[in-house]
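Coordinates in review
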Amino acid sequence: MKSSRPTRSDVGPRPLGCDLLAYADRIALITERGQISYGELARRVARAARKLGSGRRLVLIVGANDVEAVVAYLGALAAGHPVLLAPGDNPVAVETLTSTYDPDVVVRRVGRRWRYEQRRAGSAHVLHPDLALLLSTSGSTGSPKLVRLSHHNLRSNAEAIATYLDIRATDRAATTLPMHYCYGLSVINSHLVKGAGVILTDRSVADPSFWELFGRAEGTTFAGVPYTFTLLDRIRFETKRLPHLRYVTQAGGRLAPEQVRRYAGLGLEHGWDLYVMYGQTEATARMAYLPPSLAGAHPGAIGVPIPGGSLRLEPVDDIPGPDGGELVYTGANVMLGYAEQPADLALGRTVHELRTGDLARRTADGMYEIVGRRSRFAKVFGLRIDLERIEAGLEADGVTACCTVRDDQLIVVVQEGHHRGEIDRQVAARCGLPVHGVRLVMVSELPRLASGKPDHQAVGALGEATQPRDGATGTARGDASAPTALRAVYAEILDRPEVSDDDSFVSLGGDSLSYVEMSVRLEEMLGGLPAGWEAMPIRELTARPDPPPVRRLMIDTTVLLRAISIVLIVGSHIHAFTIHGGAHLLLAVAGFNFARFHLASGDRRERIRHIAATVARVAVPTSIFVAAVVVFTDYSYTWKNVALLTEAIGPRFGDERNLWFIETYVYILLALALMMAVPVIDRCVRRFPFAVPMTVLGLALTVRFGLIPVSPWHHMATPVQLLWLFALGWAAGKAGPEWQRWLVTAITVAAVANYDDERLQVVIVGVGVLLLVWAPKLPSSVMLRRFAGALAGASLSIYVTHWHVYPLLDGYSRYVALVASLVVGVLYGGVVRRLTARLPRLHRPAPERAVDSGSVAASL
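Here we summarise the structure given alongside this text. (Residues numbered from 1 in each chain as written. Predicted model: local features only at pLDDT ≥ 70, side-chain atom pairs only at ≥ 80, totals over all residues. Heavy atoms only, no water.)

**A word on helix 24 (residues 717–734)**
In an α-helix, one turn spans 3.6 residues; hence positions three or four apart end up facing the same way. For the record, the criterion: Going along the chain from the N terminus, every DSSP run of H or I of four or more residues is numbered as a helix, and every run of E of two or more is numbered as a strand. One fewer than the residue count of a helix, multiplied by 1.5 Å, yields its expected span. The angle separating two fitted axes, one through the seven residues that finish at a residue and one through the seven that start at it, defines the bend at that residue.
End to end, helix 24 covers 27 Å across 18 residues, agreeing with the expected 26 Å (1.5 Å per residue, within 8%). Where helix 24 bends most, the angle comes to about 40°, and this point is Leu723.

Written out as structure tokens, the structure reads:
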């Protein structure tokens, strides 16, 4: 083992994590599960420090916006151990850093628990006494080139930030950025040094649950990169009531001046400040900030140096004149230097001022403005990407390429002669970008200068001029992820001749079968799908900053439940087995999808038209098939079955009642359409998306529990008696915060218990609804997803046709009859989909882009 002296030459400031008890009674961390005081945090940090021991070792912590990650980080710092903070959202980067630097201890989450993996008792490295923290220079690229920071760097920058932001003990900051990102880490550091609170969450600002937690915790501030403000626009941030909000910070790339003006004005109107900031990892985090009072007059500026720092301009050829040059920063937060190999961890200070690589000018008012960049670093989705390193990695793989950035997308220009294969996915994985953040451009020869070096200006022009081909065969996935290709896929699957970047799956009338097909295609193109993608505009899907996590193949829970339910229904009717509950569960799934698709967007008329079109998609194919049965067979259907009126006017027994489920579903939808036609009810549905279905559920449960007796032989008895299942699914679909999901869970257990004498039916319905509430996706395989998707999409057709298929075969084999019924239903469903694909457009006025018939039709 190599030794490292525990003494520190950087003896001025105490390490972060050592002075937590000074604020013992204050709230330090707030999560969805509760609060942790500074006193409790100090005790946990002390325990973490004891786990790590007293001898200095290199500790790699896989970062996460999680209490245990913060505790491990502070515990390591307090005990004097240098921390290598790795990106928790990029396993490739973690593996690269682990193999390069061979940490002595690795702290990571394994399943639901955090583990301290002690790889050796001592240290394999010589660690400089001043070394406190190692951060990647390039965000999440996994580059072994790290920034070496001291305790003095960390504390001085945290206190400088706290000074110009005027952070107070009553402040509570939400972690809108990952902990391993220097901007996100600076939010934690600067608030903890002042005894303020930190709201730990990994939820996006586009997630309503984020704002529910922010409001409950009385949040006073949050940070954002430019894309964060795009999301804020999408969710209409200006309409949110945030009485405790004091200020919003922005960094991580240039925010358009018009956006700066807009949000600065919004802050003035609502009583909070906007701080535009500038920084780099090499400066620990922040170097400059724009005072809020100057944002309106200087929206394009980075402002003035932070307290204790200074900026100067060094003349360069790129910017002539005395007021322009490369921006150079000096201050106590300037890094010790870089590390590119383990031996560099023994180095002391090798850097005394920071040449930022940014070209800037100084205005007459003393404001600094960035006008360009000298180096080959660039920011994509808020991540700092080392273009030269990407090129070097491709060269090592035998690929000749040159990189540039255009419109927040990494363009990789590849010389022909190389197989495109998975280049885009490999590059995306190395950079920590989503696949759609990378686009490949193939050229016969890379443009070069006379010196033989790549002509970066020409490469940039190629990236700007080359657009992905519309759905062209052989288009690389990186190309296919551009909006043009996504529009082509939406148009193909949903049979829509006109698709815009503002359209979504819901607004284009996607149904449950197309949901399955679309999700598979999009996952192949984008590498993963965020929760709620079906309601997101196409432009938002192509601008997602969060790289999809590496995970096993998943299936949408509603798809699996529909497939299981239709198999149980048909199998029970054939008596291949007797397991009831499938139809009841389907009704709950239908309610869930009603909330998911029909109520996602649109005004009152659009919603009514959406529901009416869904009724048509269910009723018309069913009535046509039943009419054919009446005309061409001697089956006991009548005109009442064709009109779907047996539940309304009888008879409610025998074969004529085979279609009770479809009639019940249609009647419920028609009743909801009438409700939505009342303006005050429509407004309530929009304003109280969870309370309204809970109210309907409460009324329906009075029938379920017999408080309002309904005779089972009375006309319309079944729709009234089973309304609670649909309403339960509706409430599950609108349950957001955890307390709402627990409330639905409790009601589910109470309502399902003793519902039927058959315990298996109770279990099927109860477990199915709970899966809707708590598990939107389940582990799957390619085969299962295809099989379930086919059955789920054709479940309506299977239900209608199986009555006339299995009698032909059940005398031979009930199981053969079951398979035949499923196959015939799937085939008939394909015919129905082709015939009904254009039906929704009949319900939409030509000038409008309305929400058409939705996906609940196929959820039967």
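**Things to note about the sheet that holds strand 11 (residues 221–224)**
We count it as follows: Strand pairing is assigned whenever DSSP detects at least two bridges linking the two strands. In what follows, residue pairs with any heavy atoms lying within 4.5 Å of each other are defined as contacts. Throughout, an axis means a line fitted to C-alpha atoms (over the contacting stretch in the case of helices), and angles, computed between N-to-C directions, take values from 0 to 180 degrees.
Read across the sheet, 9 strands follow the order 2-1-10-9-11-12-13-14-15 without closing on themselves; strand pairing throughout is mixed. Each edge of the sheet is formed by a strand with only one pairing partner; in this case those strands are strand 2 (34–37) and strand 15 (304–305). One ladder, built from 2 bridges, connects strand 1 (residues 27–31) with strand 10 (residues 197–199); its direction is parallel. Residue pairing in the sheet places Ile30 in a bridge with Ile199 of strand 10. Sheet contacts for helix 6 (residues 208–216): strand 1, strand 9 (172–174), strand 10 and strand 11; angle to strand 11, the most-contacted strand, approximately 145°.

**Comments concerning the pairing of strand 5 (residues 105–110)**
Where strand 3 (residues 59–62) meets strand 5, 3 bridges bridge the pair, whose relative direction is parallel. Within strand 5, the position partnered with Val59 by the bridge is Val105. Relative to strand 6 (residues 113–118), strand 5 runs antiparallel, the two sharing 6 bridges. Looking at strand 6, one finds that Arg108 is bridged to Arg115. In this antiparallel pair of consecutive strands, strand 5 and strand 6, the connection spans 2 residues, and Gly111 shows a positive phi of 70°.

**Concerning the pattern of salt bridges**
Basically, it comes down to this: Counted as salt bridges are all cases of a side-chain nitrogen of Lys or Arg within 4 Å of a carboxyl oxygen of Asp or Glu. The buried label goes to any residue with under 20% of its type's maximum accessible area, the exposed label to any with over 50%, and the partly exposed label to all in between, with areas taken from a 1.4 Å probe on protein chains only.
Per the counting criterion, the structure on display carries 22 salt bridges. Where Arg120 meets Asp102, a salt bridge forms, and the shortest distance between an N and an O atom there is 3.0 Å. Here Arg120, found in the loop between strand 6 and strand 7 (131–136), pairs with Asp102, found in the loop between helix 3 (91–101) and strand 5; they are 18 residues apart in sequence, far enough to count as distant. According to the relative accessible area criterion, Arg120 is buried, its value standing at 17%. Among the salt bridges present, the one from Glu647 reaches Arg657, with a minimum N-O distance of 2.8 Å.

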